[in-house]
Amino acid sequence: MDLIINIIFVCLMTFNVSASIIEWKKIKQDHKLKKQRLKEKNEQLEEKKQKLNIDLKHLKEEKFNKNIYAKFTKEDADYVLKVTDKIKTNQDLAHFESALLKNIKIEFMRNFFINAPYITIKKFSLLEAPIKNDHRILGTYNGSTKEIKVYDKKESTLNHELLHAASSDFTYSAVGFSVEFEKAGMFGEGLNEGYTELINNRIFKYKSKSYIHLQYLARLIENFFENKEDMMLYYFNANVFGLIIELLKSMSLEDAISIIVDMDKFIYLNDFDIKEYLKLKKKIKKLYDEKKAKDKVKKKIKIK
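Presented here is a report on the structure given in the accompanying data block. By convention here, each chain's residues receive numbers from 1 onward along its written sequence. Reporting in this predicted model follows two pLDDT cut-offs: at least 70 for local features of residues, and 80 or more for side-chain atom pairs to be given and counted; totals over whole chains, interfaces and linings ignore these cut-offs and use all residues. As a rule here, side-chain values come from all non-hydrogen atoms in the structure, and water together with hydrogens is ignored.

**Focus: the sheet that holds strand S1 (residues 120-123)**
And then number 1: Here the rule is simple: two strands pair whenever DSSP picks up at least two bridges between them. Note on conventions: DSSP H or I runs of at least 4 residues are helices, E runs of at least 2 residues are strands, and numbering of each starts at the N terminus. Strand order in this open sheet of three strands is S1-S5-S4, and the pairing throughout is mixed. At either margin of the open sheet sits one strand with a lone partner, and together these are S1 and strand S4 (139-142). Going from strand to strand, the sheet's axes swing by 15° on average, the running direction of each strand aside.
And then number 2: Where S4 lies against strand S5 (residues 147-150), four bridges are found, and the strand directions are antiparallel. Its bridge partner lying in S5, threonine 140 is registered against lysine 149. Angular values range over 0 to 180 degrees, each being the angle between N-to-C directions of two axes fitted as lines to C-alpha atoms, with helices fitted over their stretch in contact.

Shown next as structure tokens:
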């Protein structure tokens, strides 16, 4: 009897060891695949940076006049009244409009009022949510069709997508801080998602942790603005170029493009590398510290 028990014990131990070896090999293989995928991703992003540095070099010579959006004419007001009557027929849109009006200037809402009459909202169950890069997509906004799809019951998800609609300029395929280039492809997606969720939390008093790392990086970029409202102005007017021109006061075009492109690495969890994230965070903080030091010197010179 003891012999049989010993044989069974040895068999079980052998099985466990074999299973552990198989599991270890799988973990090692997954790690290798992830490392390879991140290497390829980084190579693609570096190529994108080179193209963008060529496409956007003219920004070094430009000065963006943010006041061009300040005037709100009688015609604008009449149009807003007509659109608001239509918005009232949709409870989700009406609630969103009311919250925006309480928290931002009406001049920032031009794109929302242009897009609002055409926005459609479709709600689905979480089980129907599409999966991208092993990440379940809870909401989407299509800038061409103005269609919003949400796959959970959280109000924050819907309002996140509505913020995309409110910051979308259909004339040149731009949504907030993201825009598509013919050669370089999509630019600013990570910054756009992070900043969208950041102001989503502020406007609606949420404590959402969606895109939490991108929210933090967007907040660091916001520090470069003397008036944080200016960054919001660029966002709602779908003008990442105005944002870059503002950043050029504190850094090179190469640094500005590099920071914005590198933020794309942290949209999906399977692209997330904590070392890369800490490196980017350190870079932004270093540039900000340099800006503060220069500002301090300028202030002393003025006083003298």
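**Describing the sheet that holds strand S8 (residues 178-181)**
And then number 1: Read across the sheet, four strands follow the order S6-S7-S8-S9 without closing on themselves; strand pairing throughout is antiparallel. Each edge of the open sheet carries a strand with a single partner, namely strand S6 (168-169) and strand S9 (185-187).
And then number 2: Note: S6 against strand S7 (residues 174-175), two bridges, orientation antiparallel. The residue bridging aspartate 169 from the neighbouring strand is alanine 174, located in S7.

**Quick notes on the side chain of glutamate 246**
And then number 1: Examined against the element boundaries, glutamate 246 turns out to sit in helix H9 (residues 240-247).
And then number 2: Note on definitions: a residue-residue contact is assigned when non-hydrogen atoms from the two residues lie within 4.5 Å. Here glutamate 246 is in contact with Phe225 and Tyr234, once residues within four sequence places are set aside.

**Section: the pairing of S5**
And then number 1: One ladder, built from four bridges, connects S1 with S5; its direction is parallel. Directly across from isoleucine 121, in S5, lies its bridge partner isoleucine 148.
And then number 2: Where S4 folds back on S5, the antiparallel hairpin that results is connected by four residues, among which lysine 146 adopts a positive phi of roughly 65°.

**Brief notes about the nonpolar core**
Generally speaking, nonpolar side chains in soluble globular proteins are found buried as a group.
And then number 1: With 75 residues, the main nonpolar core has Phe187, Phe236 and Leu243 as its most contacted residues.
And then number 2: Setting aside residues no more than four positions away along its own chain, phenylalanine 236 makes contact with Leu100, Ile104, Phe108, Asn111, Leu163, Ala166, Ser167 and Ile199. What we call a nonpolar core is a set of buried Ala, Val, Leu, Ile, Met, Phe, Trp, Tyr and Cys residues that are connected through their side-chain atoms within 4.5 Å. Remark: exposure states derive from per-residue accessible area (1.4 Å probe, protein chains only) relative to the maximum for the residue type, with buried under 20%, exposed over 50%, and partly exposed in between.

**A closer look at the packing of aromatic side chains**
And then number 1: Ring pairs are drawn from Phe, Tyr and Trp, using the six-membered ring of Trp, whenever the two centres fall within 6.5 Å, and their geometry is named by plane angle: stacked under 30 degrees, edge-to-face over 60, tilted for the rest. Taken as a whole and assessed by the stated rule, the structure comprises 14 aromatic pairs.
And then number 2: The interplanar angle of 85° and the centroid separation of 6.2 Å between the aromatic rings of phenylalanine 181 and phenylalanine 241 together place this pair among those described as edge-to-face. Of this pair, phenylalanine 181 sits in strand S8 while phenylalanine 241 sits in helix H9; the two residues are 60 residues apart in sequence, bridging distant segments of the chain.
And then number 3: Where tyrosine 195 meets tyrosine 235, the ring centres are 5.2 Å apart and the plane angle is 65°; that geometry is what we call edge-to-face. Placement of tyrosine 195 in helix H6 (residues 189-204) and of tyrosine 235 in helix H8 (residues 228-236) is noted, with a sequence separation of 40 residues between them.
And then number 4: On the accessibility criterion, tyrosine 195 (0% relative accessible area) is buried.
And then number 5: Overall, tyrosine 235 belongs to the buried group, its relative accessible area being 0%.
And then number 6: In this structure an aromatic cluster arises from ring pairing among Phe96, Phe112, Phe113, Phe204 and Tyr206.

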